[in-house]
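# Tertiary structure, described
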2 protein chains.
Amino acid sequence: MRKVVIIGFQSAGLSAAAAAKLYNREAEITVIERRTYATYHPCGLPYVIGGDVPDIRNLVEAAPTMPGVEVMLGTEARDIDTKAKTLEIIDRRTLREEKIPYDKLILATGSLAHRLSIPGADQRTVFTLRTMDDGKEILAALPRAERAVVIGAGPMGVEVAGALIGRGMEVALVEMQPSILPGMLDPDMSDVVLDRLTRSGIKVVCSNLVREIHGAGKSKSVVLEGEELPADIVIVTIGVKPDVELAARAGLKLSSMGTIAVDECLRTSDPDIFAAGDCAEARSLITGRPVQSQLATTAIRMGRVAGINAAGGNEVFEGVLNTIVSSACGLEFASTGLTSKAAKEAGIDAIATRVKASSRPFFYPGAEPIFAKLIAQRKDGRVIGGQIIGDGAAGRANLLALAIKQRLKVDELSRIEYCYAPPVSDCIEPLTVAADALLRRL
Amino acid sequence: MRKVVIIGFQSAGLSAAAAAKLYNREAEITVIERRTYATYHPCGLPYVIGGDVPDIRNLVEAAPTMPGVEVMLGTEARDIDTKAKTLEIIDRRTLREEKIPYDKLILATGSLAHRLSIPGADQRTVFTLRTMDDGKEILAALPRAERAVVIGAGPMGVEVAGALIGRGMEVALVEMQPSILPGMLDPDMSDVVLDRLTRSGIKVVCSNLVREIHGAGKSKSVVLEGEELPADIVIVTIGVKPDVELAARAGLKLSSMGTIAVDECLRTSDPDIFAAGDCAEARSLITGRPVQSQLATTAIRMGRVAGINAAGGNEVFEGVLNTIVSSACGLEFASTGLTSKAAKEAGIDAIATRVKASSRPFFYPGAEPIFAKLIAQRKDGRVIGGQIIGDGAAGRANLLALAIKQRLKVDELSRIEYCYAPPVSDCIEPLTVAADALLRRL
């Protein structure tokens, strides 16, 4: 019998518990979670704010009943004694402390919202959007707010801006990079999303830094360089940072990204401790280098590997392409692998092309444009990235992720088999249109 | 310079002409087409009948202007002189005959609708649905019809039945096999579509043969074994047969499926003649054996290979998985590779599983079920087929087609990277749910 303790009961922790139990029915699994409720879905928060999800409590999963898995909610992990292989925990309600032994430990401690460190950022009209409490506080503040400023135009920021404009508010979205969705889309693609946001009424300000937030009296505003945006409410969506406090205190090695360093089996510098999810080091499947990959899907996939290995298996986590989809103002957009910008930064001589295709054949009413961008290595034509905007973007990104993992070249992508029916798709698949266009440039 | 003559200007012929010209700018390309109008989209006919496409003329493409490609509409190919390498053509309007020389010839003669050979099948209320004329005649007959019988429940029959019920008619759909969509979905999947059709008001009759069609007076009906269905109009959608008349007359070898035999470069038994599209032999990418593959997408992909090779290139057509999507009564369904039934017929020891997943996370309103079936070889776990029903079925079938082509095993499919956003997809991809379920049975 093997005692596996998992710290954290979000995507990675839940996935690890399920995988460990499935792999080793004899394993005794304990999950330690600080929250008093089960797994919740932070990705759903923008849709609670927009009103699509009618009640924030809907985001919390029913506590799963997995025989042989004990979930201790409202319990905080305080310290790991790596020599004695025990974990000190405290019941947050009774304050009762306890030391529990482990054979293998999995750290799935997740991440915390980055906060701004500028004057005025600590006011009560300035929110992050990460936890259920964040969501509840924003919901409580919204009825008194007419003008919102969202700071940070990553996917979460864009989704929140879309949600707020959908509520009829006046919305500005501020991004310090020259274009929105900077880690996900190159500017020639994000401009399509920008156009949709702008047409939907969102004021988008790029290449500008927030200097100060004024919160008192009538002058409530967000102060930028040379510009001031009125703001009854400010939502800060500038990303998350891995929660590695416990790991650092236990002396585990950290990566250059500030995540817990792991090998390809997700084992930390302590052979009896694994890490998975936002807190754990992820590597690019293309470059092999550490990357940020704070996605629920990465956490689920990592959790599975950590869970199996902690339970006695020998799975490998092969790396990430950061396949991601988002949607705002009715527009779906997705990305996988390297952007042109990321390829350049990684020192890869890449070539790219962007095409405009159609979601349906010309004769079928309701056809919408599909934008597809493909990025390939110049030396061998290997596909290393793709971005898609429009209906079916998610499915196409998933297909491209498989193509990249399988090391497909552009000419192979241009020959893929695909299906067609007028209400569903065009008779030429947009990805093959993009591949053909890129082939001509290689 | 090289003179390439293409017979037929549908998907395969158009694709061949474009690919030949792109590959070899010096090539002189002539396309011979019996119709007096350019490429049209037979896949769009059900949606004309249903009224989604408001005018049947919308299905015809604008005649493309490709420099160096001459398209001779209203011209019939009469005979191929394979020794002299000339083609006898006749202008259908002026009846002027002409012999034109070729260096390479591409047969893209397509297919013709199968007709019933039973008493009453030749009446003017009995239609096939293949050509523009078929579509026009049905449209003209519909205002006088209240009760329709569709014979043959392949994708086209199901689409037409859905279109007619959408018009408020009384519709019956008859299939001689025990389940609908027999070549595309196994019964455990087609039953989901059947349920949707039935709920939409379509009377579906399987395992029954049409014996006779009564057309005169008040007793207009379709007579089955032990049953009679009232029918003001009968639409026969029992498939197509390759149009190989010209090829057979020229002495070209035919395959066991009645298609024009070709090698992997799509060269016929005459080295100067290629064939592509519905008239040409296709082989299964899995079994290597000849299969029916009368899909527009196959025609487009074959046309490209034939065009390049006729123009001097050396492309290989790797075979087909018959990746197909269709949609009826608001339900999307798709398939790729072998069904369980086809695997059995091919002598493959296969194992399959079917799962029910969700189009969106539990907390997001509007989640719809996604049904996914996976089929794998028992001996090595290699994925050989998949069927999907629900939103995004097409994209998932395309991904599975790539997975099958890349010879992925079930465990590799269970580890694919995919993306998630609440309005777009669930946090666990249905294909990985199916792969995990199948893994447990392997």
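Since the structure is predicted, the reported quantities are computational estimates derived from the model, not experimental observations.

### Side note on the overall build of chain A
A tally of regular secondary structure across chain A gives eleven helices and 25 strands. The C-alpha atoms of chain A give 23 Å as radius of gyration, which agrees with the globular expectation for 442 residues (22 Å, within 12%). Taking the principal axes of the C-alpha coordinates as reference, chain A spans close to 65 × 60 × 40 Å. Considering chain A as a whole, with its 442 residues, one finds that 53% of them fall into the buried category. Across chain A, contacts joining residues at least 24 apart in sequence account for 65% of those joining residues at least 6 apart.

### Quick word on the relation of the copies chain A and chain B
Of the transformation superimposing chain A on chain B, the axial component is 0.0 Å and the angular component is 180 degrees, with the fit at an RMSD of 0.0 Å. Between the two chains, the operation in question is that of a two-fold axis. With an isologous cut-off of 70% or more, the 100% of interface residues of chain A that recur at the interface of chain B puts this contact in the isologous class.

### What to know about the environment of R115 of chain A
Residue and element names in this part refer to chain A. The residue R115 is located in the loop between β8 (111-113) and β9 (126-128) in this model. Residues R115 and V236 lie 121 residues apart in sequence; the distance between their C-alpha atoms is 7.1 Å. Those residues within four positions of R115 in sequence are excluded, and the remaining contacts are A121, T128 and V236.

### Points about the pairing of strand β1 (residues 3-7) of chain B
Residues and elements named next belong to chain B. Counting buried positions over the five residues of β1 gives four, a clear majority of the element. Looking at chain direction, β1 and strand β2 (residues 28-32) are connected through five bridges and run parallel. The residue of β2 that forms the bridge with K3 is E28. Chirality of the crossover, the property in question, places the unit of β1, helix α1 (residues 11-23) and β2 among those that are right-handed.

### Focus on the interface of chain A and chain B
Each partner contributes to the interface: chain A provides 47 residues, whereas chain B provides 48 residues. Secondary structure elements with two or more residues in the side of chain A that touches chain B: α7 (296-310), β21 (324-328), β22 (331-337) and α9 (393-405) of chain A. Top element by residues in the side of chain A that touches chain B is α9 of chain A. It accounts for ten residues. Of the residues in the side of chain A that touches chain B, the class split is 30 nonpolar, twelve polar and five charged.

### Describing the sheet that holds strand β14 (residues 221-224) of chain B
Backbone-to-backbone hydrogen bonds join strands into a sheet, with any given pair of strands oriented parallel or antiparallel. All names here are of chain B. Taken in spatial order, the three strands of this open sheet run β13-β14-β15, and their pairing is antiparallel. Of all the strands in the sheet, just β13 (210-214) and β15 (227-230) have a single pairing partner and so form its edges. Neighbouring strand axes in the sheet, compared pairwise and without regard to direction, differ in orientation by 20 degrees on average. In this structure, β14 lies alongside β15, joined through four bridges in antiparallel fashion. Paired with L224 across the strands is E227, a residue of β15.

### Quick notes on the sheet that holds strand β6 (residues 97-101) of chain A
All names here are of chain A. Ordered in space as β4-β5-β6, the three strands form an open sheet in which the pairing is antiparallel. Bordering the open sheet on either side are β4 (75-81) and β6, each of which pairs with just one other strand. The sheet shows a mean angle of 30 degrees between the axes of neighbouring strands, direction not considered.

### Focus: the domain arrangement of chain A
Annotation of chain A at the domain level lists domain 1 (3-43 + 57-111 + 241-310), domain 2 (115-236) and domain 3 (333-439). Each of domain 1 of chain A and domain 3 of chain A has a C-alpha centre, and these two points are 35 Å apart.

### Notes on helix α7 (residues 296-310) of chain B
Residue and element names in this part refer to chain B. Taking 1.5 Å of rise per residue, the 15 residues of α7 would be expected to cover 21 Å, and the 20 Å separating its terminal C-alpha atoms lies within 8% of that figure. Extensive coverage of α7 is indicated by the burial of 15 of its 15 residues. Residue G312 follows α7 closely and has a positive phi angle near 115 degrees.

### Concerning the packing of α1 of chain B against α7 of chain B
Residues and elements named next belong to chain B. In the contact formed by α1 and α7, the axes pass within 7 Å of each other and the chain directions differ by 35 degrees. Viewed along their axes, α1 and α7 form a crossing whose handedness is right-handed. Contacts from S11, A12, G13, L14, S15, A16, A17, A18, A19, A20 and Y23 of α1 reach α7 at A296, A299, I300, M302, G303, R304, A306, G307, I308 and A310. Residues belonging to the contact of α1 with α7 are distributed by class as follows: 15 nonpolar, five polar and one charged.

So, how was this worked out
Residues numbered from 1 in each chain as written. Chains lettered and ligands numbered in written order. Predicted model: local features only at pLDDT ≥ 70, side-chain atom pairs only at ≥ 80, totals over all residues. Helix = DSSP H or I, 4+ residues; strand = E, 2+ residues; numbered from the N terminus. Rg over C-alpha atoms; globule rule 2.2 N^0.38 Å. Buried ≥ 20, exposed ≤ 12 C-beta atoms within 10 Å, placed from the backbone. Contact = placed C-beta atoms within 7 Å. Least-squares fit on C-alpha atoms with pLDDT ≥ 70 in both. Pairing = 2+ DSSP bridges. Right-handed = clockwise from strand over helix to strand, strands pointing away. Nonpolar A, V, L, I, M, F, W, Y, C, P; charged D, E, K, R; others polar. Axes fitted to C-alpha atoms, helices over the stretch in contact; angles between N-to-C directions. Domains from an automatic or database assignment. Expected span 1.5 Å × (residues − 1). Left-handed = near helix turned anticlockwise from the far one by under 90°.

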